[in-house]
Amino acid sequence: MAKSESTARNNVDSLNVDFMRSLVKQYSELGQWTSAFFWADAAAASSGSAVASGDDIWLLASAMLARGELHRAAHAVTSRGLHRRHLLCLGVAMRAFIAAKEPTTTLSLLEECDPALLEPRSMDQTHNRALAGVLVWQARALSSLERREAAAEALTAALRADCACYEALDLLLEQHALTPSQESELIESLPINNQMSASEAALLRAAFRDRLRRYAPLPVQMQDDGAKSCVEVARARSAAAAEARGRRLAAGGEWAAALRALDAAGPWSCADVRAACLVELRRSAELFAFAHALVDAYPHHWTAWYAVGCYYYLIGKSEFARRYLSKACGLEAGAGCVWLAYGHSFAADNEHDQAMAAYFKASQLMPGCYLPPLYVGVECSLLNNVSMCERFMARAAALHGNAESGEACDGEADSKGWERIARGVASPHVAHEAGVAAFAAGRPDAARALWLRALAAAGPAERLSPCWAATMDALGHASRALGRAGEALRWHARALALRPARASSLAARGLCLALLGREAEAADALHAALARDPDHVVALALLDAIVDRLDAALTEEEIPQFPFPAVTLDPPPERDLSDQQSDHHADHTDRDVSDMSMSFD
């Protein structure tokens with residue numbers, strides 16, 4: 001046997017095509033694309049037939065694509081008509097045209113393809129995986145042409161053909177093309193158990209479940225001394241699990257913990273979430289360094305310029321922020337978070353109409369996300385449009401709470417709109433903003449119910465993030481407006497325990513103490529507020545009023561009197577006339593300063 005192999009290797013007249021193909025795969029795995037291209041070209045030219053096989057052209061076109069020769073790779077496939085009958089070659093040609101930013105040409109390749117080639121096969125999972133790749137590239141082309149519903153259908157078909165295609169799910173969730181209930185129904189309907197073994201199916205379901213719950217707070221981890229399964233161990237060690245944990249922590253307002261979770265996944269992972277966390281923590285220096293590193297490493301990726309725009313938004317330069325956010329939109333037109341940041345920059349300048357236009361654009365790009373309607377509702381509240389604010393807040397609550405998006409938007413908002421939102425809201429952020437809008441609309445009772453719902457949805461009281469101190473202060477304001485000054489004082493005390501020495505909380509506490517008739521304690525609280533913020537207008541006005549009340553309450557009998565002790569002065573002794581003249585001459589001598597010169601000559 002060894003002798004026959006040696007004879008085959010020493011035979012110059014025969015070429016081992018299988019050996020060439022193995023070299024192509026090995027050099028491709030090593031990233032040596034020029035070597036892979038050489039041997040792929042040699043294998044295609046050395047095939048026994050006059051026309052190279054589809055597999056050899058697929059290897060050749062893949063090597064060309066990896067070398068950056070986009071149109072050459074597409075021509076290698078289309079010139080032979082392989083995109084009509086070979087699924088792998090069709091995928092390579094589509095990738096080449098997508099990279100060349102020619103989405104229309106990409107879709108035209110699908111129209112020329114044999115329809116039977118695009119049908120999944122129940123007994124051929126290799127074909128189904130290649131088909132899922134083709135459908136993913138079709139979805140990318142459709143998204144570039146802003147045909148987002150068709151792109152969502154293509155991604156859904158890709159998942160059904162190949163449940164292991166995680167890229168299809170990632171794109172589907174990043175685009176927020178489906179509502180939460182539709183996403184859950186899709187995952188439950190996938191034939192995962194039919195396409196892989198039980199262990200791999202459990203791992204995939206766990207990954208899908210964590211990815212779907214990107215806005216749900218993390219559960220409290222109990223101490224578990226039992227042995228973990230191999231699926232749990234592998235999931236806990238994976239970078240994807242760390243990214244999912246970071247997303248959920250960021251959605252829950254735990255920004256520092258989210259950054260630590262993302263650090264476990266790598267310093268470059270989830271750049272958009274990391275930039276948002278740094279903005280919320282107001283770490284401008286760290287965000288500047290991160291954005292600078294991204295621009296140096298990935299100047300052609302939208303997340304780099306998104307991070308730069310977030311930095312300028314953080315330091316208050318909205319015009320520069322919009323400039324770089326526009327550059328990010330030019331690189332990725334479908335990035336909805338860029339439009340959200342764009343709207344925030346307008347809202348910071350009190351340009352509410354332009355902010356709403358940016359949020360509406362984000363809503364078109366992210367139809368299944370609750371954030372765009374939430375921010376539109378906030379802007380409507382600032383413009384005193386109560387009815388529209390109720391409708392958008394209800395839509396945001398429905399999108400977050402696994403409800404159909406149309407259920408909360410049918411008809412005009414009725415008189416009990418805020419109560420309806422309080423019953424159905426599951427997001428603490430939506431509940432808080434809806435409470436702010438209800439309080440501004442003159443409904444402190446509805447605002448109190450919404451804020452209580454926000455705290456209940458935020459998690460246990462002992463694990464609340466300091467960002468929820470604002471909700472506790474808001475509950476204090478609502479309680480005071482309802483005539484419950486004692487309850488309001490307790491809410492402000494809880495807010496100060498969560499975020500100590502906050503000037504607004506101290507000023508609100510001083511107001512409640514004054515309403516309870518405890519003016520001296522109120523003055524102390526207001527002095528503490530002014531020590532933290534000397535320009536706090538409310539604390540200044542309240543302190544002046546309280547001091548005036550304290551002064552008016554004091555009578556002359558209550559003003560403490562401090563008697564001075566009696567002082568006895570002895571008269572000076574009498575002196576004769578000669579002594580007085582000598583003293584007068586001495587005083588004149590002492591006051592004579594005519595010769596006191598500062599010259600050193």
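Throughout this document, residue positions are counted from 1 along each chain, in the order its sequence is written. Local features in a predicted model are, by the rule used here, given only for residues with pLDDT of at least 70; side-chain atom pairs are given and counted only at 80 or more, and totals for whole chains, interfaces and linings are based on all residues. The side-chain numbers reported here are obtained from all heavy atoms of the structure, hydrogens and water having been left aside.

> In this structure, what is going on with the nonpolar core? I would like to understand it.
For soluble globular proteins, the rule of thumb is that nonpolar side chains tend to be buried together. What we call a nonpolar core is a set of buried Ala, Val, Leu, Ile, Met, Phe, Trp, Tyr and Cys residues that are connected through their side-chain atoms within 4.5 Å. For every residue, the accessible area obtained with a 1.4 Å probe (protein chains only) is divided by the maximum for its type, and the residue is called buried under 20%, exposed over 50%, and partly exposed between those limits. Leu287, Tyr306, Val338, Trp418 and Ile421 are the most contacted members of the largest nonpolar core, which has 87 residues in total. Only DSSP runs of H or I with at least four residues qualify as helices, and only runs of E with at least two residues qualify as strands; both kinds are numbered from the N terminus onward. Broken down by element, this core gets its largest block of residues, ten residues, from helix H19 (residues 302-314). Two residues form a contact once any of their heavy atoms are found within 4.5 Å. Sequence-distant contacts of Ile421, defined by excluding residues within four places in its chain, comprise Glu390, Met393, Ala394, Ala397, Ala434 and Leu450.

> Please clarify how helix H31 (residues 519-532) should be interpreted in this entry.
Given a helix with a known number of residues, its expected span is that number minus one, times 1.5 Å. Spanning 14 residues, H31 covers 20 Å between terminal C-alpha atoms, matching the ideal 20 Å at 1.5 Å per step. By the burial criterion, the buried members of H31 are Glu519, Ala522, Ala523, Ala525, Leu526, Ala529 and Leu530. All buried residues of H31 lie within an arc of 165° about the axis, which places them on one face of the element. Away from the buried face of H31 by more than 90 degrees, exposed residues Ala520, Asp524, Ala531 and Arg532 are located. In this description, one arc is meant: the one made by directions from the helix axis to the C-beta atoms.

> Any chance you could explain unusual backbone geometry here in plain terms?
Glycine aside, negative phi is the norm for most residues, and most peptide bonds take the trans geometry. Not every positive phi belongs to a glycine, and Arg282 is a case in point at roughly 60°. Tracing the chain through its elements places Arg282 in the loop between helix H17 (271-281) and helix H18 (284-297). Looking at Arg282, the relative accessible area reads 60%, which means it is exposed. One non-glycine residue, Ala501, adopts positive backbone phi at about 60°. Mapping Ala501 onto the fold places it in the loop between helix H29 (485-498) and helix H30 (503-515). Exposure remark for Ala501: the relative accessible area of 32% places this residue in the partly exposed category.

> Is there a simple way to think about empty space enclosed by the protein in this case?
The gaps of empty space that remain are located by a probe, the size of a water molecule, rolled over the atoms. Of the two site types, the cavity is a set of points on a 1 Å grid over the protein atoms alone where a 1.4 Å probe fits but cannot get out, and the pocket is an open set with protein on both sides within 12 Å along at least five of seven lines, each lined by residues with an atom within 4 Å of a point. Grid points are joined across faces, edges and corners, and a volume is the space filled by probe spheres set on the points. What the rule picks out here adds up to one cavity of 30 Å³ or more. By volume, the largest cavity amounts to about 80 Å³. Contributing to the lining of the largest cavity are 13 residues, with Tyr215, Ala251, Gly252, Pro428 and His429 lying nearest its centre. Looking at the lining of the largest cavity, the elements with two or more residues in it are helix H26 (428-440) and helix H27 (444-458). Residues that form the lining of the largest cavity fall into these classes: nine nonpolar, four polar and no charged. Ten residues, namely Ala, Val, Leu, Ile, Met, Phe, Trp, Tyr, Cys and Pro, are considered nonpolar, four, namely Asp, Glu, Lys and Arg, are considered charged, and the remaining ones, Gly among them, are considered polar.

> Is there a simple way to explain the side chain of Gln175 in this structure?
Within the secondary structure, Gln175 sits in the loop between helix H10 (166-174) and helix H11 (180-189). Since its relative accessible area comes to 16%, Gln175 is described here as buried. At 3.1 Å, the side chain of Gln175 forms a polar contact with the side chain of Ser143. For Gln175, the contacting residues outside a window of four places in its chain are Ser143, Leu155, Leu365, Met366 and Pro367. Here a polar contact is taken to be a pair of N or O atoms separated by no more than 3.5 Å, where protein atoms must pair a possible hydrogen donor with a possible acceptor and residues adjacent in sequence count only if both atoms sit in side chains.

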